[in-house]
Amino acid sequence: MGGATPEERIDTVVVGGGHAGLCMSLELQRAGREHVVLEKARVLEQWRSARWDSFTINSPVAFSRLPGQVDDLPDRARGVPLDVMVRAWDECVARRRLPVRERSEVRSVSRTGTGRFLVEVAGADGPRRYAALNVVAAPGRHQVPALPRCAADLDPAVRQLRVGTYTKPAALPDGAVLVVGGGQTGMQLAEELAHAGREVHLATSRVAGTPRDHRGEDVMFWLDRIGSLWAPRDRCGDRHDPMPVVGQDHPLSHHSLARLGVRLLGGLAGVAEDGATVMFRDDLHANVAHAERGYREVLARIEGWVAALDPAERAAYPPPTPEPAWEPHRPLLESTPPGSLSLRDNGITTVVWATGWSADFGWLRVEEVRRSLDARGFPDTCETTVDGFFWLGFDGLRTCSSGTVSGFPLDAAHIATRLRDHADS
Ligand SMILES: Cc1cc2nc3c(=O)[nH]c(=O)nc-3n(C[C@H](O)[C@H](O)[C@H](O)COP(=O)(O)OP(=O)(O)OC[C@H]3O[C@@H](n4cnc5c(N)ncnc54)[C@H](O)[C@@H]3O)c2cc1C
């Protein structure tokens, strides 16, 4: 007995109940604006189901809280187990009674003839529609694991895992592991597997490094102090560059991995016809040099700021000491990486794909907004050419932190000042 789909007129719909959507909700609540957050799974779903067992959030607690979150975690703590962080975020959502509807997937956002947005939802309690004055889209940029096409060519005898299916080293079949992707995830997993005694091969990529600590503090406090986190987006370099690599609570570099015994390779180039030979680009040393440039560039930025202090202020900070993780590992620098590797000959039984993610905007039916996505299919500002439609949670929307947890509150506060009050405005 299908009745008419319930329809609600509402001021603002927020698409996505991740960190970004929740920051928006807190800001809307503060401004007294009627809204609903529509989340297709559970609130903060990506943190619950798309990480691995030992995962801890990289940033210290001070940079990972929701606005107004009250907890007893020290500001400077890092390496806090994910379940502890998720509990603290959940408590904040419950205490503030945020209007989140879980298991409510936005299937379509289009425009109505009256200038509102029609938001169509498939939910646990049936379909529902909202006629919204404003839509803030915060569906996350890590929705669909991006696997290279050649993953399908691999010998089926080789186990393939990725973030979301990888849990811990002990869950892998015996044997060596090839980790593909040298961003934060790939480097952290390679390190975890090496610590667990696995033979690990890592196909690297061009990702900047960063110090973990400097002058006695986590680098995030320095980037905050010198204004790098909140710098306008045109001062952040290429906003599509992956996040610089750090270990979860310690420094991490190609050199530290090589010292652990990880065999570093160039970037993945493809899989041979036999399905059991993997080919690599000749870019290992370029990738190592690129990471190191990133590390040195951050240090130089901080040191430039320190140098401008008067001597008394400067004396308040401990002297800089280089991180041992970045000490060059000669055998790595002198190595000649192979152009291909036989999985069988090297006893590789598992390939872990750490090759990034793509977003999913399949629900977006506002053509003008779609057309304004950049060449890579991502939004590049919070505002769009369509009044009342906003993006939140993507790199470089407004500041160098627009794509990270620490930067969402600032962008959410900005969007809250731009919402429409009338459909004809
Ligand atoms: C492995 C990994 C580790 C990371 N570690 C860190 C870290 O340590 N520190 C850090 O700052 N950042 C980290 N990030 C980046 C981090 O994920 C983001 O900074 C932040 O969590 C993104 O929040 P978000 O709300 O934009 O996206 P998400 O957390 O992805 O939330 C988006 C939400 O929208 C929902 N959604 C999507 N489409 C729809 C729809 N059509 N209808 C309804 N709901 C929908 C999704 O279910 C999801 O819950 C990491 C990312 C990855 C992949």
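Residues numbered from 1 in each chain as written. Predicted model: local features only at pLDDT ≥ 70, side-chain atom pairs only at ≥ 80, totals over all residues. Heavy atoms only, no water.

Novice: Please give an account of the overall build of the protein that cites residues and values.
Specialist: Looking only at helices and strands, the protein has eleven helices and 19 strands in total. For the protein, whose C-alpha radius of gyration is 23 Å, the value lies close to the compact-globule estimate of 22 Å for 425 residues. Here the analysis covers contacts within the protein between residues at least 6 apart in sequence; of these, 71% occur between residues at least 24 apart. Accessible area for the protein stands at about 19000 Å²; split by element, carbon and sulfur atoms hold 50% of it. Taking the average place of the 50 positive charges on the side chains of the protein and the average place of its 56 negative ones, the gap between the two points comes to 3 Å. (Helix = DSSP H or I, 4+ residues; strand = E, 2+ residues; numbered from the N terminus. Rg over C-alpha atoms; globule rule 2.2 N^0.38 Å. Contact = heavy atoms within 4.5 Å. Areas by Shrake-Rupley, 256 points an atom, 1.4 Å probe, with all protein chains shown as cover. Lys, Arg positive; Asp, Glu negative; His and termini not counted. Charge placed at Lys NZ, Arg CZ, Asp CG, Glu CD.)

Novice: Explain helix α3 (residues 82-95) to me, using residue names and the numbers behind them.
Specialist: An ideal rise of 1.5 Å per residue puts 20 Å on 14 residues; α3 measures up with 20 Å between its terminal C-alpha atoms. Along α3, the residues that are buried comprise L82, M85, V86, A88, W89, C92 and V93. Down the axis of α3, the smallest arc covering the buried residues is 160 degrees, so these residues share one side. On its buried face, α3 sits against α1 (19-30), α2 (45-49) and β3 (100-101). Just past α3, the residue R97 takes up positive phi, approximately 50 degrees. (Expected span 1.5 Å × (residues − 1). Buried < 20%, exposed > 50% of the residue type's maximum accessible area, 1.4 Å probe, protein only. Arc of directions from axis to C-beta.)

Novice: Describe the pairing of strand β14 (residues 268-271), naming the residues involved and giving the relevant values.
Specialist: Two elements, β14 and strand β15 (residues 277-280), share three bridges in a ladder whose sense is antiparallel. From the neighbouring strand, V271 faces β15, where its bridge partner is V278. Two successive antiparallel strands, β14 and β15, enclose a turn made up of five residues, where G275 displays a positive phi of approximately 75 degrees. (Pairing = 2+ DSSP bridges.)

Novice: Please give an account of the layout of surface pockets that cites residues and values.
Specialist: In this structure, the second largest pocket encloses a volume near 160 Å³. In this structure, the second largest pocket is lined by 13 residues; those nearest its centre are R48, R51, W52, D53 and L82. Sorting the residues of the lining of the second largest pocket by element identifies α2 and α3 as the ones contributing at least two each. Residue contributions to the lining of the second largest pocket peak at three residues, all from α2. Here the lining of the second largest pocket is composed, by residue class, of six nonpolar, three polar and four charged. (1 Å grid on protein atoms, 1.4 Å probe; cavity = no way out; pocket = protein on both sides within 12 Å on 5 of 7 lines; lining within 4 Å. Points joined across faces, edges and corners; volume = space filled by probe spheres on them. Nonpolar A, V, L, I, M, F, W, Y, C, P; charged D, E, K, R; others polar.)

Novice: Account for the site of the ligand, with residues named and values stated.
Specialist: In the neighbourhood of the ligand, 32 residues make up the surrounding shell, with A20, E39, Q46, N58 and V106 lying closest. The contact in question runs from an oxygen atom of the ligand to an N or O atom on the backbone of H19, over 3.1 Å. Between the ligand and W47, the relevant distance is 3.4 Å, taken from an oxygen atom to a side-chain nitrogen or oxygen of the residue. For the ligand, the accessible surface in isolation is 970 Å², of which the surrounding protein chains cover 95%. Broken down by secondary-structure element, the contributors of at least two residues to the shell around the ligand are α1, α2 and β4 (104-111). (Near = heavy atom within 4 Å. Polar contact = N/O pair within 3.5 Å; in protein donor to acceptor, adjacent residues only side chain to side chain.)

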